[in-house]
Amino acid sequence: MIQSATLVGIGTGSPGHLTRAGEAALRSADLILVPRKGAGKDDLADIRLHLLEQIGVTAKIAFFDYPTRDENLPYLERVARWHDEIARRWQQAAGPAAHVALLVWGDPSFYDSTMRIAARLTDQTNIRVLPGITAVQALTAAHAIPLNTVNGRILTTTGRRLREDGWPETAETVVTVLDGECSFQSLRGQGLYLWWGAYLGMPEQILDHGPLDEVTDRIIATRAEARARHGWIMDTYLMRAQAAE
């Protein structure tokens, strides 16, 4: 077991997204764990390493490989076992290190399971979390739009839930994350407006927006081409009823 874990939100990997508290935490760590996510995704590890180099971190770095999920299991069991295996690989990579740190994409509290994994290895009171810029903040900033309508509700959901549940009846603004299947395409014909972004805040950033019915096919094609070129993609989108302001 490790004595403590520090989870530092890094936004999209830009040094400008890292807080001073996050920098200080990374500099004081005994060991920094960096994940490798498989063939074609080395950019994600490289971004973390480049960030550490830019802020002058000299702590020891250990790599661990992400396991794959067993698609034959029910979803929640599949995720739980996946987390168990990631925790085991953390411990194996950390060895005798007492105080470890991880660079977490976006913010550790927002649609990310790093805290749940850390809790398998140390007491909750020994987990320190430094917040980061979320993909939602980066998306609205990139498009220069407010997240909410005036006095309006915001619903944040996943691609899986959007496909299963459809557009919520009382929703004004819906933000979707963790969607590898462009689930917005199931909402054609409902008078929605879509703001989409990939590689937000990075030099590779791609943006598109417009009436959902008009931009859906273009975004699907753009996303597929970008994923093929880079080997990975992280994207998110916001939808709003066109009558909302």
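Just so you know, the residues in each chain are numbered from 1, in the order the chain's sequence is written. Side-chain atom pairs in this predicted model are given and counted only at pLDDT of 80 or more, local residue features only at pLDDT of at least 70, and totals for whole chains, interfaces and linings cover all residues. Values shown for side chains rest on all heavy atoms present in the structure; no hydrogens or waters enter the calculation.

Visitor: Kindly report on the overall build of the protein, identifying the contributing residues and their values.
Guide: In this description a helix means any DSSP run of H or I spanning at least four residues, a strand means any run of E spanning at least two, and both kinds are numbered starting from the N terminus. Per the secondary structure count, the protein includes seven helices and 10 strands. The C-alpha atoms of the protein give a radius of gyration of 19 Å, which matches the 18 Å a tight globule of 245 residues would have. When the backbone C-alpha atoms are referred to their principal axes, the protein occupies close to 55 × 40 × 40 Å. The buried label applies to any residue whose accessible area, calculated with a 1.4 Å probe on protein chains only, is under 20% of its type's maximum; exposed applies above 50%, and partly exposed to all values in between. Buried residues in the protein amount to 47% of all 245 residues. Within the protein, residue pairs in contact and separated by at least 24 positions form 71% of the contacts whose partners lie at least 6 positions apart. Only the protein chains shown count as cover for residues, and all accessible areas are computed by the Shrake-Rupley method using a 1.4 Å probe. As displayed, the protein offers around 12300 Å² of accessible surface, 49% of which is attributable to carbon and sulfur atoms. Charge convention: Lys and Arg are scored as positive, Asp and Glu as negative, and His as well as the terminal groups of each chain are ignored. Lys charges are placed at NZ, Arg charges at CZ, Asp charges at CG and Glu charges at CD. Of the charged side chains in the protein, 25 are positive and 29 negative; the average position of the first set lies 4 Å away from that of the second. Radius of gyration means the value over C-alpha atoms here, while the globule rule gives 2.2 Å times the residue count to the 0.38 power. In what follows, a contact means two residues having at least one pair of non-hydrogen atoms within 4.5 Å.

Visitor: Describe the sheet that holds strand β1 (residues 4-9), listing the residues and the values that go with them.
Guide: Strands in a sheet are paired, the pairing made by backbone hydrogen bonds, and the direction either parallel or antiparallel. Any two strands with at least two DSSP bridges between them are considered paired. What the five strands build is an open sheet, ordered β3-β2-β4-β1-β5; its pairing is parallel. Of all strands in the sheet, those bounded by a partner on one side alone are β3 (60-65) and β5 (127-130). With strand direction ignored, the average angle separating the axes of adjacent strands in the sheet is 25°. To define axes, lines are fitted to C-alpha atoms, for helices over the stretch in contact only, and angles between the resulting N-to-C directions are given on a 0 to 180 degree scale. Here helix α3 (residues 75-94) sits on the sheet and contacts β2 (31-36), β3 and β4 (99-104); the angle it forms with β3, its principal contact strand, is near 145°.

Visitor: Hey, could you go over the sheet that holds strand β9 (residues 206-211) for me, with residue numbers and the actual values?
Guide: Spatial strand order, β6-β7-β10-β8-β9: five strands in an open sheet with mixed pairing. Since the sheet does not close on itself, it has two edges, and those belong to β6 (154-158) and β9, each with one partner. Strand-to-strand twist across the sheet, computed as the mean angle between neighbouring axes with direction ignored, equals 15°. Note: β6 against strand β7 (residues 173-177), five bridges, orientation parallel. Directly across from L155, in β7, lies its bridge partner V174. Across the face of the sheet, helix α7 (residues 212-230) comes into contact with β8 (192-198), β9 and β10 (235-241) while running at roughly 165° to β9.

Visitor: Outline the pattern of salt bridges, supporting the account with residue identities and numerical values.
Guide: Whenever Lys or Arg places a side-chain nitrogen within 4 Å of a carboxyl oxygen from Asp or Glu, that contact is recorded as a salt bridge. This structure, assessed with the given rule, holds 15 salt bridges. We note a salt bridge from R88 to E85, for which the minimum N-O separation is 2.7 Å. One end of the pair is R88 and the other is E85, both in helix α3 and three residues apart, which spans about a single turn. Since its relative accessible area comes to 43%, R88 is described here as partly exposed.

Visitor: Explain the nonpolar core to me, using residue names and the numbers behind them.
Guide: Only buried residues count toward a nonpolar core. Its members are Ala, Val, Leu, Ile, Met, Phe, Trp, Tyr and Cys residues joined through side-chain atoms within 4.5 Å. Formed by 42 residues in total, the largest nonpolar core has its most connected members in L26, I32, F184, L194, Y199 and M239. Mapped by element, the contributors of at least two residues to this core are α1 (20-28), β2, α2 (42-54), β4, β8, α7 and β10. Examining the composition of this core, we find that five residues originate from one element, α2, more than from any other. In this structure, M239 is in contact with L162, W167, E172, T173, V174, T176, F184, L187, Y193, L194 and L212, ignoring residues within four places of it in sequence.

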